[in-house]
Amino acid sequence: MAAEGVDAGVAAHYGDPLREQRLLTEGLAAVDLSHRGVVTVTGPDRLSWLHSITTQMLTGLAPLTSTESLVLSPKGHIEHDLHLVDDGQTTWITTEPGTSAALTAWLDSMRFMLRVEVADVTADWAVLGEPVRAETVAGEPLAWSDPWPRLVGDTAAYGTVVDHPGEQRPWRELLVRRADLVSAVGDRPLAGTWAAEALRIAAWRPRLGFETDHRTIAHEVDWLRTAVHLHKGCYRGQETVARVHNLGRPPRRLVFLHLDGSGHTLPVRGDALELDGRAVGFLTSVGRHYEDGPIALALVKRNTALDAVLTTGSLTAAQTEVVAR
C-alpha cells in the first residue's frame, strides 16, 4: 500500500505492518526512504561554513562520523533538520521529503565568498533506512547513523537520560545511487513507513514537520540532546536557544501517549487534545505499535498536569513525560 501525505512516493506497508515492525526490531528488514532529499556541500570551507550557520559543532568533524544539526529562523524556530555525514571530501545531508530544494536555495544564499558548492542531488541519490546503530565501514555505502537519544557534545537533555526508549531503536540511513537501490536492499524483507514511524514514535524521536510547526523551538521536543551545541559561536536563532535554556522552560512540551485502543480507527496528526473540554495541545504523530497498540506523540501546554487523562475525539490518552514540565 502506498503512503500518503509527506511520505507519498514510498510504501506505507507491504501487507502486514505489525509483522514489519517485528522484523525491524529484530534487525532483519530495511525501509525504502527514497523520497527523502539528499543535498551535498563540497569545498574546503564546507564544515566551518555549516558550523557557522547551523546549531551543531561541525568544525573538526571526523570523516564518516554522523551528526545532526538544525537550521533555525532568526527567532529560533526550527526550519530544517540536517542528517549529516562527511566522507572527507563532501558533506552529505539527508532531509525531509520535499525540503531539499528549499534547503539548497537557503544554503546558496548564505555562501558569500566562501569556498563551498551546494547541490541538490536527490534525483540521483536515494536513502535506505535500516535498524543498525553503526558508522560506515569499508565496503558499504556511506551511512548516517542516528545519534538519538544520546547527548552529542556540549548540550542538554530536557527529558530522561537513563533508560530512554530511544536506546532500543538503532537506526541509520544508507546513501545509495538510485540505480543501485534494489541491490542495496538485497534479500532483506522491506518494511513500510507505518512500521518505521511506529517505532520512531515509541522512541520519542522528533521529526521535522510532525513534532514541529511554525513556532516550535528545539527545547519543546528535547531536540537539544542530539542537534544543538550550547557553547559554540553565533548562529541564526542562538539567542532564543540560550535564553530559554538559561532563564526558563519552553512554553510547550512533548509527551508520549498511550491511546485507548478499543476502536478500530486511529486519530490523525493535528487532532486536538483536550482536558475537561478545554484544548491543551494536539497530536503530532500517531501509530499502532506491535506490542503497545495505539500510541502517539503530542505537544501540550507546559503546565498541563502530568497525571491528567486527556481526550482526543472519543478516545482517552494517558501521558508519559518526554520533556520535563
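These numbers come from a predicted model, not from an experiment.

## Digging into the side chain of His 219
Part 1: Mapping His 219 onto the fold places it in the loop between α5 (193-202) and α6 (224-227).
Part 2: Under the relative-accessibility criterion, His 219 is labelled buried at 1%.
Part 3: Once residues lying within four places of it in the same chain are set aside, the contact partners of His 219 are Tyr 158, Leu 224, Thr 240, Val 241, Val 244, His 245, Pro 250 and Val 323.

## Points about the sheet that holds strand β7 (residues 125-130)
Part 1: Here 5 strands make up an open sheet; going across it, the order is β8-β9-β7-β1-β10 and the pairing mixed. Strands at the two margins of the open sheet, each flanked by one partner only, are β8 (143-145) and β10 (190-191).
Part 2: Sheet topology places strand β1 (residues 30-32) next to β7; 2 bridges connect them, and they run antiparallel. Across the sheet, Val 31 pairs through a bridge with Gly 129, a residue of β7.

## Let's talk about the pairing of strand β4 (residues 78-86)
Part 1: Within β4, 8 of the 9 residues are buried, which leaves it mostly tucked inside the rest of the structure.
Part 2: Of the strand pairs in this sheet, strand β3 (residues 67-72) and β4 are connected by 6 bridges, and their pairing is antiparallel. Within β4, the position partnered with Glu 68 by the bridge is His 83.
Part 3: The hairpin formed by β3 and β4 contains 5 residues between the paired strands, and Gly 76 there has a positive phi angle of roughly 90°.
Part 4: Where β4 lies against strand β5 (residues 90-95), 4 bridges are found, and the strand directions are antiparallel. Across the sheet, the residue bridging to Val 85 is Trp 92, located in β5.

## A short note on helix α7 (residues 238-247)
Part 1: Taken as a whole, α7 has its buried residues at Gln 238, Thr 240, Val 241 and Val 244. For α7, the angular spread of the buried residues around the axis is 165°, confining them to a single face. Every exposed residue of α7 that faces more than 90 degrees away from the buried side is listed here: Asn 246 and Leu 247.
Part 2: On its buried side, α7 packs onto β3.

What counts and what doesn't
Residues numbered from 1 in each chain as written. Predicted model: local features only at pLDDT ≥ 70, side-chain atom pairs only at ≥ 80, totals over all residues. Heavy atoms only, no water. Helix = DSSP H or I, 4+ residues; strand = E, 2+ residues; numbered from the N terminus. Buried < 20%, exposed > 50% of the residue type's maximum accessible area, 1.4 Å probe, protein only. Contact = heavy atoms within 4.5 Å. Pairing = 2+ DSSP bridges. Arc of directions from axis to C-beta.

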